[in-house]
Amino acid sequence: MSREANDFGAEHEALIQFLYLAPVGLVQTNAQGDVTMMNPVAAQLLMPLSHDGGLDNLFTALEKVAPELRARTAQHGEPYGKICDGLHLYLEAGAGAKRAPQVLALTLLKLDPERIMAVIDDITEQVRRERRLRQNDAWLNAILTGVQDYALVSLDLQGRLCDWNASVKRVTGFGPDAVGRPFTIFYPPEEVALEYRQDRLREADASGWSLDEGRRQRADGAVFWGSTLVAPLPEREALPGDPDSAAYCLILRDLGKPQDTIARHQENVYAA
């Protein structure tokens, strides 16, 4: 056997090992979907779709979750190219199951007129994380835009405002120029001691949050009754080298108490 033949054989063996050890599912088929090669990951991912334990044809196996795939492949007129990219396949968990369905991502590549390669990946956890992020974004958006009596802002390690949004303007009247100023700008000056800001931050660090209720002040000097919650952000461990990054979340709520309640509180403060 020639050296070239030996080299070719070694390269072919290395390629086969790579395909079988790849962390994603790989399936090679002919133009009709008949499987000519399948690595163990692909077999594991596709087995729940097999009714009789066989995975001889990729299109047949995917008929229930992607019935259009056979026709889509036949309509691909180019001799090579991408037939689909990251197509989501939802595998039902079964009747009465409480867990969410498994989600696979399928990319189908036409290698030449007679060969097709399928790349299959389990993206179930990724989809769940993205769904949770969308839910969190919707919740935050409701606070920032949909709820009239809340303002939400981030603070740095010193308790200074890191950002500004419409909810701050709506509740307090402060504009973007408030960024960089301490959160005590929302309090009447006569009611805030010099150490108050750091006390609130220390309490938030120790207890997970710091909540108080009392008089608050808008940008025009008008006083209203509100509550303020300060809580440390979970990502703050990476902040020591960047003291200006967001370290706390502050939520300010206008409680809408009558003016006579605020007046009585003011009288008590002055009497003391």
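For clarity, every value in this text was computed on a predicted model and none was experimentally measured.

S.K.: Please set out the overall build of the protein chain residue by residue, giving values where relevant.
M.R.: A count of helical and extended segments in the protein chain gives 8 helices and 9 strands. A burial count over the protein chain gives 35% of its 272 residues as buried. Relative to all contacts within the protein chain whose residues are 6 or more apart in sequence, the contacts with residues 24 or more apart total 45%. A total accessible area of about 16,000 Å² is found for the protein chain, and carbon and sulfur atoms account for 55% of it.

S.K.: So what about the sheet that holds strand β7 (residues 210-217)? Which residues, and what values?
M.R.: A sheet is described by the order of its strands in space; here 4 strands give the open sequence β6-β9-β8-β7, paired in antiparallel fashion. Lying at the two open borders of the sheet, with one neighbouring strand each, are β6 (150-155) and β7. Neighbour to neighbour, the strand axes of the sheet diverge by 25° on average, direction disregarded. Relative to strand β9 (residues 248-254), β6 is paired through 6 bridges, and the arrangement is antiparallel. Note that in β9 the partner of valine 153 across the bridge is leucine 250. Against the sheet, helix α7 (residues 196-207) makes contact with β7, β8 (223-232) and β9, and its axis sits at roughly 45° relative to β8, the strand it touches most.

S.K.: Residue-level account of the sheet that holds strand β4 (residues 102-112), with values.
M.R.: Judged by pairing direction, the sheet is antiparallel, and its 5 strands sit side by side in the order β2-β1-β5-β4-β3 without closing on themselves. Each edge of the open sheet is held by one strand with a lone partner, namely β2 (35-38) and β3 (81-91). Averaged over all pairs of adjacent strands, the angle between strand axes in this sheet comes to 20°, irrespective of strand direction. Across 6 bridges, the pairing between strand β1 (residues 25-30) and strand β5 (residues 115-122) is antiparallel. Its bridge partner being in β5, glycine 25 is matched across the sheet by isoleucine 120.

S.K.: Give a detailed account of the side chain of lysine 110, specifying residues and quantitative values.
M.R.: Position of lysine 110 among the secondary structure elements: in strand β4. Comment: no salt bridge for buried lysine 110; closest opposite-charge side chain is aspartate 112, at 8.1 Å. In this structure the side chain of lysine 110 is engaged in a polar contact, spanning 3.2 Å, whose partner is the backbone oxygen of histidine 76. With residues up to four places along the chain from it excluded, the contact list for lysine 110 reads His76, Glu78, Pro79, Tyr80, Gly81, Ile83 and Arg115.

S.K.: Go over the nonpolar core, please, and point to the residues and values.
M.R.: Counting residues in hydrophobic clusters, the biggest one holds 23 residues, and the most contacted among them are Leu46, Leu62, Leu69, Leu106 and Leu108. At the level of secondary structure, the elements contributing two or more residues to this core comprise α2 (40-46), α3 (58-61), β3, β4 and β5. The dominant element in this core, judged by the number of residues it contributes, is β3, at 4 residues. When residues no more than four places from it in sequence are discounted, the contact partners of leucine 46 are Val27, Met38, Leu55, Leu58, Leu62 and Ile120. Ala151, Leu161, Phe183 and Val230 belong to the second-largest nonpolar core, a separate cluster that totals 21 residues.

S.K.: Can you explain the pattern of salt bridges? Please cite residues and give values.
M.R.: A complete count under the given rule lists 10 salt bridges for this structure. Two residues, aspartate 199 and arginine 202, come together in a salt bridge whose shortest N-O distance is 2.6 Å. One end of the pair, aspartate 199, and the other, arginine 202, are both in helix α7, 3 residues apart, so they sit about a helical turn from each other. With relative accessibility at 49%, the residue arginine 202 sits in the partly exposed group.

About the thresholds
Residues numbered from 1 in each chain as written. Predicted model: local features only at pLDDT ≥ 70, side-chain atom pairs only at ≥ 80, totals over all residues. Heavy atoms only, no water. Helix = DSSP H or I, 4+ residues; strand = E, 2+ residues; numbered from the N terminus. Buried < 20%, exposed > 50% of the residue type's maximum accessible area, 1.4 Å probe, protein only. Contact = heavy atoms within 4.5 Å. Areas by Shrake-Rupley, 256 points an atom, 1.4 Å probe, with all protein chains shown as cover. Pairing = 2+ DSSP bridges. Axes fitted to C-alpha atoms, helices over the stretch in contact; angles between N-to-C directions. Lys, Arg positive; Asp, Glu negative; His and termini not counted. Salt bridge = Lys/Arg side-chain N within 4 Å of Asp/Glu carboxyl O. Polar contact = N/O pair within 3.5 Å; in protein donor to acceptor, adjacent residues only side chain to side chain. Core = buried A, V, L, I, M, F, W, Y, C linked by side-chain atoms within 4.5 Å.

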